[in-house]
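Descriptive analysis of the structure
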Amino acid sequence: MSNRTSFAADAAARAPEVVALTRRLMAVPSPNPPGDVRACAAEAAALLREIAPEATVTLHDTSPEVTNLVARIAGAAPGRLLAFNGHLDTYPVNDALPWTVDPLRGEVRDGRLYGRGAADMKGGMAASMLAFALLARHRGAWRGEALLTLAGDEESMGPLGTKWLLDHVPGLAQAGAVIIGDAGSPRVLRFGEKGFLWIEVSASGTPAHGAHVHLGENAIDRLRVALDAVAALRDLPVAAPPSVTAAIAAAQPISEPLAGAGEARVLGSVTVNIGRIEGGTAPNLVPASATAACDIRLPVGLSCADAEAALAVGLDALPGITWRLLRRFEPNPTDPDAAIVRLTHAAAEEVLGGTVAVNMRVGGSDARWFRMAGLPTVVYGPTPHNMGGADEWADIAELEAVTRVHALAAFDFLTS
């Protein structure tokens, strides 16, 4: 029996353990906000010391609430570094939601695991932990180093978590590849994400009584004109690499039934969501001020600088209008032909016994930190059901499949 065959058999045999690992992680709440993940990090460390005693496990506090975990194991000889990454924080439980299960108990019913974090992402995190433990158990069969990093603040964009880890953990910024088990679907391997700009647009006017509009300047009217200029970014031309465009098109028949019709169009174009508007005090008063907050998502092939230049052209000359950036991240693809994409894709089709799509991801994740640092990164995790809502759940068979795919992709990368 070859090393690969033995490893694959062990991964299949141990994959069901992912449920128990996930339940232990779920039992320790780590909602963000408020973002206190210390107890969950400690539990994850205890679990890793049980299932991968050969590994070195350390905890790193980056704020009074945020703790990150790092585990590492060396193979039989020098070689490349493969990193797993996950996040410890979850959405809040929110007791006002109509839960029908204990959100922290991890109830198993009808092939599903219920509770906060089952899909986002304590299930995916447990899958990576078990894959890491399998590598530790078979460390004589591969070369290089395996690293597991669990970050404490993904839900608040990751500056104290994954960004800190990249800046401070030896070797991580030079990793040959990164695998992340964040929520998605086992039938779609994600190799990139759109970028985004969050902006706030403010309008000033001249107050007056609503019966005497000729004496005032309506700030909301000015804001409406400005928001039309922001919405016009949807028509910006996009120059995506042919490999990315082709991947989105090829994935559409599988990906859209899972993620919704229109996903391919959204992945290849600018989207603008006007998420908040405030202004005025009464119907019979001309408002003196108004503001709006907008989420602008950028496809591969259009940079933040391109979008900001278009905003300046559309907004800077408007009377009474100012705007400012709130958040800024570039589109971040990994080459669809990169080794980790090809190997993870092959592992996924092997485990699932069918076709798996290779596509971009609509939403954001900590994967962007790795890709912006130049590290080839894939996201492959379970389907999220009721994510952030009541009775969040993940399919147990999917959790087991994700575990096996993470393990096989990492093994194949470290033996190739």
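Since this is a predicted model, take the numbers as computed values, not measurements.

Assigned secondary structure in the chain consists of 12 helices and 18 strands. Against the compact-globule benchmark of 22 Å for 416 residues, the chain has a radius of gyration of 23 Å, which places it among compact chains. Its C-alpha atoms give the chain principal-axis dimensions of about 85 × 45 × 40 Å. In the chain, buried positions account for 53% of the 416 residues. Considering only contacts within the chain whose residues lie at least 6 apart along the sequence, 81% involve residues at least 24 apart. Counting only carbon and sulfur atoms, one obtains 55% of the accessible surface of the chain, whose full area is about 16,200 Å².

Any two aromatic rings considered together are summarised by their centre-to-centre distance and by the angle between their planes. By the definition in use, this model includes five aromatic pairs. The interplanar angle of 50° and the centroid separation of 5.3 Å between the aromatic rings of Phe 196 and Phe 329 together place this pair among those described as tilted. Remark: Phe 329 occurs in strand S14 (residues 321-329) and Phe 196 occurs in strand S9 (residues 195-204); sequence separation between them is 133 residues. By the burial criterion, Phe 196 is buried, and Phe 329 matches it.

Right, let's get into the packing of helix H10 (residues 339-352) against helix H12 (residues 396-415). Interhelical geometry of H10 versus H12 gives an angle of 135° and a closest axis separation of 8 Å. The angle between H10 and H12 falls in the class oblique. Crossing angle aside, the handedness with which H10 passes H12 is right-handed. On the side of H10, the interface is formed by Ala 339, Ile 340, Leu 343, Thr 344, Ala 347, Ala 348, Glu 350, Val 351 and Leu 352, while H12 contributes Ala 401, Arg 404, Val 405, Leu 408, Ala 409, Asp 412 and Phe 413. Looking at side-chain class alone, the contact of H10 with H12 contains 12 nonpolar, one polar and three charged residues.

Leu 48, Leu 82, Phe 84, Met 129, Phe 132 and Leu 135 are the most contacted members of the largest nonpolar core, which totals 80 residues. Sort the elements by how many residues they give to this core and H12 lands first, with 12 residues. The next biggest cluster of nonpolar side chains, apart from the first, holds 23 residues, and it includes Ala 203, Leu 298, Ala 307 and Ile 321.

This part covers unusual backbone geometry. For the bond from Asn 32 to Pro 33, the omega torsion is 5°, close enough to zero to count as cis. Locating Pro 33 in the fold gives a position in the loop between helix H2 (17-26) and helix H3 (38-51). Cis geometry is found at the peptide bond from Pro 33 to Pro 34, where omega equals 10°. In the Ramachandran plot, Asp 110 falls in the positive-phi region, its phi being about 55° despite a non-glycine side chain.

Note that His 138 resides in the loop between helix H4 (122-137) and strand S6 (145-151). Given a relative accessible area of 15%, His 138 falls into the buried group. Sequence spacing of His 138 and Asn 3 is 135 residues, and the spatial spacing of their C-alpha atoms is 8.6 Å. Reaching out from His 138, the side chain makes a polar contact with the side chain of Asp 10 at a distance of 2.8 Å.

Quick notes on the rules
Residues numbered from 1 in each chain as written. Predicted model: local features only at pLDDT ≥ 70, side-chain atom pairs only at ≥ 80, totals over all residues. Heavy atoms only, no water. Helix = DSSP H or I, 4+ residues; strand = E, 2+ residues; numbered from the N terminus. Rg over C-alpha atoms; globule rule 2.2 N^0.38 Å. Buried < 20%, exposed > 50% of the residue type's maximum accessible area, 1.4 Å probe, protein only. Contact = heavy atoms within 4.5 Å. Areas by Shrake-Rupley, 256 points an atom, 1.4 Å probe, with all protein chains shown as cover. Phe/Tyr/Trp six-rings, centres within 6.5 Å; stacked < 30°, edge-to-face > 60°. Axes fitted to C-alpha atoms, helices over the stretch in contact; angles between N-to-C directions. Parallel < 35°, antiparallel > 145°, perpendicular 65-115°, else oblique. Left-handed = near helix turned anticlockwise from the far one by under 90°. Nonpolar A, V, L, I, M, F, W, Y, C, P; charged D, E, K, R; others polar. Core = buried A, V, L, I, M, F, W, Y, C linked by side-chain atoms within 4.5 Å. Polar contact = N/O pair within 3.5 Å; in protein donor to acceptor, adjacent residues only side chain to side chain.

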